[in-house]
Amino acid sequence: IFASMGLNVVGMLRDIIFMFRTKYKWANNITWLFIFLALMPASLIFTYDSWISLLPVIGSIINTTALYLINQKTTKSLTLIGQVFFILNLLIII
């Protein structure tokens, strides 16, 4: 549960910055993608319980990459795959 909670905070910040990609040049820098891709597994330092903690991190990495892409069809497909990891996480811990 804590792994998902930490990832949600990072994900909210990611969503805000990616939302401004078309409006502001600073938000369209690819550096943001790599920062968020590094923050996702880094959150495991504080939240790792077992291998199950890896599932939401994998899902978040897939979703972060998907949300950075411009092609909507690819974004939707990858986001769907990323959600599978969150669902698996929930099914295992419940």
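Before any of the text, the structure's been laid out above.
An account of the accompanying structure is given in this report. (Residues numbered from 1 in each chain as written. Predicted model: local features only at pLDDT ≥ 70, side-chain atom pairs only at ≥ 80, totals over all residues. Heavy atoms only, no water.)

Quick word on the nonpolar core
Ranked by size, the top nonpolar core spans 11 residues in total: Leu 7, Val 10, Ile 17, Phe 18, Ala 27, Leu 33, Phe 36, Met 40, Leu 44, Val 57 and Tyr 68. If you list the elements that add at least two residues to this core, you get helix H1 (2-19), helix H2 (31-42) and helix H4 (54-68). Contact partners of Val 10, with chain neighbours within four places excluded, come to Phe 36, Leu 39 and Met 40. (Core = buried A, V, L, I, M, F, W, Y, C linked by side-chain atoms within 4.5 Å. Buried < 20%, exposed > 50% of the residue type's maximum accessible area, 1.4 Å probe, protein only. Helix = DSSP H or I, 4+ residues; strand = E, 2+ residues; numbered from the N terminus. Contact = heavy atoms within 4.5 Å.)

Concerning the environment of Lys 25
Tracing the backbone shows Lys 25 in the loop between H1 and H2. Separated by 43 residues in the primary sequence, Lys 25 and Tyr 68 place their C-alpha atoms 14 Å from one another.

Focus: the environment of Trp 32
Checked against the element boundaries, Trp 32 lands in helix H2. Residue class for Trp 32 comes out partly exposed when judged on its relative accessible area of 23%. Along the backbone, Trp 32 and Lys 76 are 44 residues apart, and their C-alpha atoms lie at a distance of 20 Å. Apart from residues lying up to four places away in sequence, Trp 32 is in contact with Ile 17, Phe 18, Trp 26 and Ala 27. Within the local environment of Trp 32, its side chain forms a polar contact with the backbone oxygen of Trp 26, the two atoms lying 2.8 Å apart. (Polar contact = N/O pair within 3.5 Å; in protein donor to acceptor, adjacent residues only side chain to side chain.)

Observations concerning the packing of H4 against helix H5 (residues 72-93)
Between H4 and H5, whose axes approach to 8 Å, the crossing angle comes to 165 degrees. Taken as axis vectors, H4 and H5 run roughly antiparallel relative to one another. Every pair of crossing elements has a handedness; the one defined by H4 and H5 is left-handed. Every residue of H5 that contacts H4 at Leu 55, Pro 56, Ile 58, Gly 59, Ser 60, Ile 62, Asn 63, Ala 66 and Leu 67 is listed here: Thr 75, Leu 78, Thr 79, Ile 81, Gly 82, Gln 83, Phe 85, Phe 86, Leu 88, Asn 89 and Ile 92. Considering only residue class, the contact of H4 with H5 consists of 12 nonpolar, 8 polar and no charged. (Axes fitted to C-alpha atoms, helices over the stretch in contact; angles between N-to-C directions. Parallel < 35°, antiparallel > 145°, perpendicular 65-115°, else oblique. Left-handed = near helix turned anticlockwise from the far one by under 90°. Nonpolar A, V, L, I, M, F, W, Y, C, P; charged D, E, K, R; others polar.)

Describing the environment of Asn 63
Along the chain, Asn 63 falls in helix H4. Along the sequence, Asn 63 and Thr 31 sit 32 residues apart, while their C-alpha atoms lie 16 Å from each other. Once residues within four sequence positions are removed from consideration, Asn 63 is found in contact with Arg 14, Leu 78, Thr 79, Gly 82, Gln 83 and Phe 86.

Observations concerning the packing of H2 against H4
In the contact formed by H2 and H4, the axes pass within 9 Å of each other and the chain directions differ by 170 degrees. Classified by the angle between their axes, H2 and H4 sit roughly antiparallel to one another. Along the contact surface, H2 presents Leu 33, Phe 36, Leu 37, Met 40 and Pro 41, while H4 presents Val 57, Ser 60, Ile 61, Thr 64, Thr 65 and Tyr 68.

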